[in-house]
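# Architecture and fold: a report
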Amino acid sequence: FQMKDAPHDADNIANRTMKMASIRKTVDENLPKAASKPVVFIHASCLISMLLAIFAYASHMQSLNSICSPIKPGSTPLPGYVYEAPWWAPKKHKRIAFTFCGDRPRTLLTWDSRILSVIDQDTSDVLLNQRAKEITVEADSFNFFDKRSKVTSFKTPWSI
């Protein structure tokens, strides 16, 4: 547009444009090739962190108690199933995943419609045997409901 307005100064305008392009190219060459990548990486890591936080909140993983539980907090165990800690890890990776839990006992939970059993997987000790009509497992407590719907709560062995 400058050349159209001042055709007699076209040579100077072209030279100035070429000089500016050359300076810009030199500046770009002096920057490390990954100079713009950290900004993209920071944005991506913020996005990933936000998504993980949303996932953790949605799946009741706000604390180590919920992460180290053999069953998803807020769940009712099904009769005949065996639940191993941590509930969120695939079976072949449970032992490795449990290293996040520190000194907490690695537990196994079973319920046969009448009695809930909690067993320490490393020592095979029975940590809890409790009769109930219905059970809800939270991150840090068991809620046992009897025939009259009376609730009795116990602290879970994996909660500290």
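Residues numbered from 1 in each chain as written. Predicted model: local features only at pLDDT ≥ 70, side-chain atom pairs only at ≥ 80, totals over all residues. Heavy atoms only, no water.

### Thoughts on the pairing of strand β4 (residues 126-131)
Relative to β4, strand β3 (residues 115-120) runs antiparallel, the two being bridged by five bridges. Opposite I115, over in β4, you have R131 as the bridge partner. Here β3 hands over to β4 after five residues, with S124 in that stretch at a positive phi of 65°. (Pairing = 2+ DSSP bridges. Helix = DSSP H or I, 4+ residues; strand = E, 2+ residues; numbered from the N terminus.)

### Regarding the confidence of the model for the protein chain
Within the protein chain, residue pLDDT values average 76, and 61% of them lie at 70 or more. Helix α1 (residues 2-5) is the least confidently modelled element of the protein chain, averaging 51 in pLDDT, while strand β1 (residues 82-84) averages 93, the highest of any element. (pLDDT = per-residue confidence, 0-100.)

### A look at the sheet that holds strand β5 (residues 134-137)
Read from one edge to the other, the open sheet built from three strands follows the order β5-β6-β7, with strand pairing classed as antiparallel. Two strands close off the open sheet at either side, each with one partner strand: β5 and β7 (151-155). Adjacent strand axes in the sheet meet at a mean angle of 20°, parallel and antiparallel pairs treated alike. Pairing of strand β6 (residues 141-145) with β7, which is carried by five bridges, proceeds in the antiparallel orientation. Its bridge partner lying in β7, N143 is registered against S153. (Axes fitted to C-alpha atoms, helices over the stretch in contact; angles between N-to-C directions.)

### A word on the pattern of salt bridges
For the structure shown, the criterion picks out four salt bridges. Where K91 meets E84, a salt bridge forms, and the shortest distance between an N and an O atom there is 2.5 Å. We classify K91 as exposed; its relative accessible area is 62%. Notably, a salt bridge pairs R106 with D122, separated by 3.2 Å at the nearest N-O pair. Within this pair, whereas R106 is found in the loop between α5 (94-97) and β2 (107-111), its partner D122 is found in the loop between β3 and β4, the two being separated by 16 residues in sequence. Bridged by salt links that share partners, the residues R95, R106 and D122 form one connected network. (Salt bridge = Lys/Arg side-chain N within 4 Å of Asp/Glu carboxyl O. Buried < 20%, exposed > 50% of the residue type's maximum accessible area, 1.4 Å probe, protein only.)

### Overview of the sheet that holds β3
Strand order in the open sheet made by the four strands is β1-β2-β3-β4, with antiparallel pairing throughout. Edge positions in the sheet fall to β1 and β4, since each has one partner strand and no second. Taken pair by pair, the neighbouring strands of this sheet meet at an average axis angle of 15°, ignoring direction. With five bridges joining them, β2 and β3 adopt antiparallel strand pairing. Each bridged residue has a counterpart across the sheet, and for T107 the counterpart in β3 is D120.

### Observations concerning the environment of F154
Looking at where F154 falls in the secondary structure, it is placed in strand β7. Spatially, the C-alpha atom of F154 lies 9.6 Å from that of L128, the residues being 26 residues apart in sequence. The contacts of F154, once residues within four sequence positions are left out, are Q130, D140, S141, F142 and F144. (Contact = heavy atoms within 4.5 Å.)

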